[in-house]
Amino acid sequence: MSKPHWRPARTSDLAAISAIAARIHPALPEREEVLAEKITLCPEGCGVLDTDQGIVGYGLAHPWMRYRIPPLDGFLQELPDSADCLYIHDVAVLPDFRGGVVRAYVADIEKLARRSRIATLALVSVYGTPPLWERIGFRAVTADAELRAKLASYGDGASYMLRDLAAM
Ligand SMILES: CC(C)(COP(=O)(O)OP(=O)(O)OC[C@H]1O[C@@H](n2cnc3c(N)ncnc32)[C@H](O)[C@@H]1OP(=O)(O)O)[C@@H](O)C(=O)NCCC(=O)NCCS
């Protein structure tokens, strides 16, 4: 069996991505077209974890503005001209294939940010995952009322986190 490896996502991977999303995030459903738009707008930010048994995980990221959170299951329409962060929309891996695999995807996103002269990575942590993200350099941001309202669509306990690349 070949080792799972991250490779760029293609639109032909969408059915697999969507099936994993539905399985891992039953309470946070997103339409396949919404996931597809992210791959179309920022293919270099989107990856799949590939194995000889097929796709077992995915990561979706795109340039965005800090402290702005795209609504769940909403279209981005377009990317901002003056993006100041790379926003990791979601990373999900099937349980049998977990064990430190997010690190390599985030390392790819970090390289993309540096190439794009973007100094910050951002994400919304769900399911109590802040400790996982803290281990790879993210810090929770104290949310003001506006940010808290936007976080609400991600469920209870969602937390906005940033990683400053300049400081690494
Ligand atoms: C996030 C994810 C891709 C990370 O995969 P991974 O890099 O292989 O990492 P693991 O799942 O092995 O987890 C790494 C560590 O974080 C811990 N962790 C994972 N999920 C956690 C959670 N919900 N709460 C607290 N700790 C968690 C694991 O126990 C593990 O700890 P250990 O190293 O001491 O055993 C994978 O856990 C996943 O798909 N989770 C479900 C979807 C999800 O939560 N996505 C993130 C949304 S922000």
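Just above, that's the structure.
An account of the accompanying structure is given in this report. (Residues numbered from 1 in each chain as written. Predicted model: local features only at pLDDT ≥ 70, side-chain atom pairs only at ≥ 80, totals over all residues. Heavy atoms only, no water.)

**Let's talk about the site of the ligand**
Near the ligand there are 19 residues, and of these V91, V93, G99, V102 and Y127 occur at the shortest range. Contact distances for the ligand include 3.0 Å between an oxygen atom and a backbone N or O atom of V101. Taking G128, its main chain carries an N or O atom lying 3.1 Å from a nitrogen atom of the ligand. Considering the ligand on its own, with 890 Å² of exposed area, one finds that the protein chains cover 68% of that surface. More than half of the atoms belonging to the ligand lie within 2 Å of the grid points that define the largest pocket. Elements with a minimum of two residues in the shell around the ligand: β4 (85–93), β5 (120–125) and α4 (130–134). For the shell around the ligand, the residue count by class is 11 nonpolar, 6 polar and 2 charged. (Near = heavy atom within 4 Å. Polar contact = N/O pair within 3.5 Å; in protein donor to acceptor, adjacent residues only side chain to side chain. Areas by Shrake-Rupley, 256 points an atom, 1.4 Å probe, with all protein chains shown as cover. 1 Å grid on protein atoms, 1.4 Å probe; cavity = no way out; pocket = protein on both sides within 12 Å on 5 of 7 lines; lining within 4 Å. Sits in = over half its atoms within 2 Å of the grid points. Helix = DSSP H or I, 4+ residues; strand = E, 2+ residues; numbered from the N terminus. Nonpolar A, V, L, I, M, F, W, Y, C, P; charged D, E, K, R; others polar.)

**A word on the side chain of H62**
Looking at the element boundaries, H62 is found in strand β3 (residues 54–64). Residues within four places of H62 in sequence aside, it is in contact with K38, C42, P70, L76, L79, C85, L86 and Y87. (Contact = heavy atoms within 4.5 Å.)

**Here's the deal with the nonpolar core**
Generally speaking, a soluble globular protein has its nonpolar side chains buried in company with each other. Ranked by internal contacts, the top residues of the largest apolar core, which has 39 residues, are Y58, I88, Y105, V106, L121, W133 and F138. Counting residues per element, the ones that place at least two in this core are α1 (14–24), α2 (32–41), β2 (47–51), β3, β4, α3 (102–115) and β5. For this core, the element with the highest residue contribution is α3, accounting for 6 residues. Not counting chain neighbours up to four residues away, the residues in contact with W133 comprise V91, V102, V106, L123, S125, F138 and M161. (Core = buried A, V, L, I, M, F, W, Y, C linked by side-chain atoms within 4.5 Å. Buried < 20%, exposed > 50% of the residue type's maximum accessible area, 1.4 Å probe, protein only.)

**Section: the pattern of salt bridges**
Between side chains of opposite charge, a pair can form as their charged atoms come close. Summed over all chains, the structure comprises 8 salt bridges. For D13, the salt bridge identified is with R7, shortest N-O distance 2.9 Å. Residues D13 and R7 agree in their burial class; the two are buried. Across the pair D84 and R66 runs a salt bridge whose closest N-O atoms are separated by 3.4 Å. In this pair, D84 is assigned in the loop between β3 and β4 and R66 in the loop between β3 and β4, connecting sequence segments 18 residues apart. D84 sits in the partly exposed class, given a relative accessible area of 24%. Overall, the relative accessible area of 35% leaves R66 in the partly exposed class. (Salt bridge = Lys/Arg side-chain N within 4 Å of Asp/Glu carboxyl O.)

**Structural notes on the sheet that holds β2**
The strand order β1-β2-β3-β4-β5-β7-β6 describes an open sheet built from 7 strands, whose pairing is mixed. Only two strands of the sheet have a single partner each, and these edge strands are β1 (5–8) and β6 (139–140). Alignment of β5 against strand β7 (residues 159–164), held across 6 bridges, turns out to be antiparallel. The residue bridging T120 from the neighbouring strand is D164, located in β7. Where α1 meets the sheet, it contacts β2, β3 and β4, and its direction lies at approximately 90 degrees from that of β3. (Pairing = 2+ DSSP bridges. Axes fitted to C-alpha atoms, helices over the stretch in contact; angles between N-to-C directions.)

**Section: the pairing of β2**
The side chains of a regular strand alternate between the sheet's two faces. Most of β2 sits out of view: 5 of its 5 residues are buried. Where burial is concerned, the two faces of β2 agree: the one with G47, L49 and T51 and the one with V48 and D50 are both buried. As defined by bridge partners, β1 adjoins β2 across 4 bridges and the pair is classed as antiparallel. For R7, the partnering residue across the bridge sits in β2 and is V48. Counting the residues that bridge the hairpin from β2 to β3 gives 2 residues.

By themselves, these observations are geometric and do not establish any function.
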